[in-house]
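Coordinate inspection notes
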Amino acid sequence: KPMKKVYFIWIWWIWISGIARYYLQNWYEVYWSDSHNSVLVETLRNEWMNIIIWEDNSRIDNSFEKIIYTEAVPKTQSELKKASDLNLKILTYPESLAEIANSKKLVAISWTHGKSTTTSLTSLVLKDSKFWLNALIWSILKEFSWKNVYFSNSENFVLEACEYKRSFLKYHPFIGVITNIDLDHLDYYKDLEDYISAFEEFINNIIVWGYAIIDWNCSNSMSLFWIRNDIHYVVVKDNSFEIFYGNKSILKENIKHFNMQVPGPHIYFDWELAYTVWRIFDLNENEIISSLE
């Protein structure tokens, strides 16, 4: 039986390489073309991915299950155009990731600041736990064999979710984390109101009975408090977190102090967010702290 095949166009962005590794681990033949060579491209080539630099539309045929591309690729790119002419399944990076992640119990962590740190810490706690995980982060972790992904048979998926061009609205998380909201990407968003509206839509995508974790000390984040009454809101503040549902506080818990290996109050807050996620999963607090430390 022939292996399934997937083709990536312009894969050199680190987060897209994670999707390529997912398909490779799931016994796909992985092909791609890229605009230029890089250390990452060479690393992936050594992992048995079929790579060319530049483009060659003769490689595109009906044997490919799907074509995945970055949104920076112009529609006139010859491989993308041929895939369209052949009516192949074509997905952007966010669409391809959503196709995988939305089938899992998803923890989506959005920014403006601290997203990679929080996603990394959250992922490492779960990796060390009984639950295991799947994870995709925009940073390399030595604990993930110097990769930015970790895949297993777990139903849980931890994902770093980017708000650029509202791409994070493709996801439907069980837990949606907003580390903070500070105006960014003014090449796309019109103003702060437009930017906050994207995070409002992000919260609206959380599944019913799910959880929205927000920063009590961030007024932009707190402006989204109570826009829904069918999910739990979790506010993290002053070394504690509090869970609300139906306009009522249903749980408040202090976060035990832990000893960081990386200094800074902003890092400590990222740790508190990771801690809160896994208390929602009912992991033992000492187990969480041990992993974080």
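Here the structure is shown first, and the text comes after it.
Before going into details, it helps to say that this report is about the structure given with it. No experiment lies behind these values; they were computed from the predicted model shown.

Along strand 9 (residues 156-160), five of the five residues are buried, which leaves the element largely enclosed by surrounding structure. Both strand 6 (residues 105-110) and strand 9 contribute to a ladder of five bridges, which runs parallel. Bridging from a neighbouring strand, Ala 108 pairs with Leu 159 of strand 9. Of the pairings in the sheet, the one linking strand 7 (residues 134-141) to strand 9 comprises three bridges and is parallel in character. Paired with Ala 135 across the bridge in strand 9 is Val 158.

Now for the packing of aromatic side chains. The final tally for this structure, using the stated rule, is 25 aromatic pairs. Between the aromatic rings of Tyr 7 and Tyr 31, the centroid separation amounts to 6.5 Å while the plane-to-plane angle is 10°, which identifies the pairing as stacked. In this pair, Tyr 7 is assigned in strand 1 (residues 4-9) and Tyr 31 in strand 2 (residues 28-34), connecting sequence segments 24 residues apart. The class for Tyr 7 is buried, based on a relative accessible area of 0%. For Tyr 31, a relative accessible area of 16% puts it in the buried group. A ring pair is formed by Phe 225 and Trp 226, whose centres lie 4.8 Å apart and whose planes are at 40°; its orientation type is tilted.

Parameters and conventions
Residues numbered from 1 in each chain as written. Predicted model: local features only at pLDDT ≥ 70, side-chain atom pairs only at ≥ 80, totals over all residues. Heavy atoms only, no water. Buried < 20%, exposed > 50% of the residue type's maximum accessible area, 1.4 Å probe, protein only. Helix = DSSP H or I, 4+ residues; strand = E, 2+ residues; numbered from the N terminus. Pairing = 2+ DSSP bridges. Phe/Tyr/Trp six-rings, centres within 6.5 Å; stacked < 30°, edge-to-face > 60°.

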